[in-house]
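What follows is the residue order along each chain.
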Amino acid sequence: MRPRPPVKGRGIFSGTGIIVTGLAATLAALIFPVWSYENQSGTGADVLNAQTVATQYGPLSALDQEFLTKVRLAGLWELPAGQQARLKGTTVAVRTAGQHLVEGHTFLDERVREVAAKLGVSLPDEPNDQQKDWLAELNAAQGMDYDRTFANTLRLAHGRVFSVVAQVRAVTQNSLVRELAEDANTTVLDHIKILEATGFVDFDALARDMAATGTSAPAAGPGTVVPVTPSPTYTLPPAAASPAPAGT
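Residues numbered from 1 in each chain as written. Predicted model: local features only at pLDDT ≥ 70, side-chain atom pairs only at ≥ 80, totals over all residues. Heavy atoms only, no water.

A few points about the packing of aromatic side chains
Scanning the entire structure with this criterion turns up two aromatic pairs. Judged by centre distance (5.0 Å) and plane angle (45°), the rings of W77 and W134 are tilted. Of this pair, W77 sits in helix α3 (residues 62–88) while W134 sits in helix α5 (residues 129–140), and the two are 57 residues apart along the sequence. We classify W77 as buried; its relative accessible area is 1%. Under the relative-accessibility criterion, W134 is labelled buried at 10%. (Phe/Tyr/Trp six-rings, centres within 6.5 Å; stacked < 30°, edge-to-face > 60°. Helix = DSSP H or I, 4+ residues; strand = E, 2+ residues; numbered from the N terminus. Buried < 20%, exposed > 50% of the residue type's maximum accessible area, 1.4 Å probe, protein only.)

What follows is the structure, encoded as structure tokens:
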């Protein structure tokens with residue numbers, strides 16, 4: 001018996017077969033990413049949920065905890081930098097900026113230590129390596145070179161922290177962290193303005209540095225909690241007024 005000839009229009013290479021095969025491939029392509037994402041460990045949402053802890057003040061996320069660490073780190077080096085600027089600054093504007101740093105970070109450091117103590121978050125007790133390098137540069141600088149180094153280094157650092165503060169304020173679900181972010185926003189913006197008012201900030205160099213290094217301040221591992229006696233109320237440091245122009 002002669003073999004039966006193939007029937008035209010049948011098989012996977014027919015018009016109907018191609019359509020069915022295409023639909024099956026499309027369905028598989030849609031299903032696979034969902035399956036693979038759900039079965040992958042370490043996704044953004046998984047990491048966020050894993051590092052979020054419940055507190056009586058609301059959920060405390062990994063970003064919240066990083067924010068507390070960065071506020072503490074800022075005070076650990078910017079407070080002594082401000083104290084130094086009050087003495088080494090060659091202009092009234094630089095010395096005024098130093099005074100604002102002292103007042104602002106004395107205030108924020110007290111706030112962050114109280115908040116961290118209530119939330120059970122460990123804080124560092126010394127600046128990180130980059131901050132130590134910045135302090136070393138300030139120690140070595142003299143005269144007008146000191147003024148420029150102070151204004152630009154501190155302005156860069158405040159610009160990095162400012163973006164973190166805004167992000168935390170926008171997304172945090174923790175009431176204590178939200179209040180601290182509002183205080184930090186007011187204080188950091190005051191410092192940015194008063195540093196720019198010195199007349200020594202190189203905005204072109206600042207833009208290049210921000211683009212090259214990103215907007216996040218360098219992180220550091222937590223140290224030990226440094227609790228303080230809670231105060232019933234706080235007064236924000238004075239807002240930047242109109243400091244004398246550079247060179248006076």
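Still more ground to cover, so stick around.
A short note on the side chain of T153
Structurally, the position occupied by T153 is in helix α6 (residues 143–171). Taking the relative accessible area as the measure of exposure, T153 reaches 11% and is therefore buried. With residues up to four places along the chain from it excluded, the contact list for T153 reads W77 and W134. (Contact = heavy atoms within 4.5 Å.)

Things to note about the confidence of the model for the chain
Of all residues in the chain, 65% have pLDDT values of 70 or greater, and the mean over the chain is 77. Across residues 26–44 the pLDDT falls below 50, and counting only partners more than four positions away or on other chains, this stretch makes five contacts in the model. This stretch, residues 215–245, has a pLDDT under 50; its non-local contacts, to residues over four places away or in other chains, come to 73 contacts. (pLDDT = per-residue confidence, 0-100.)

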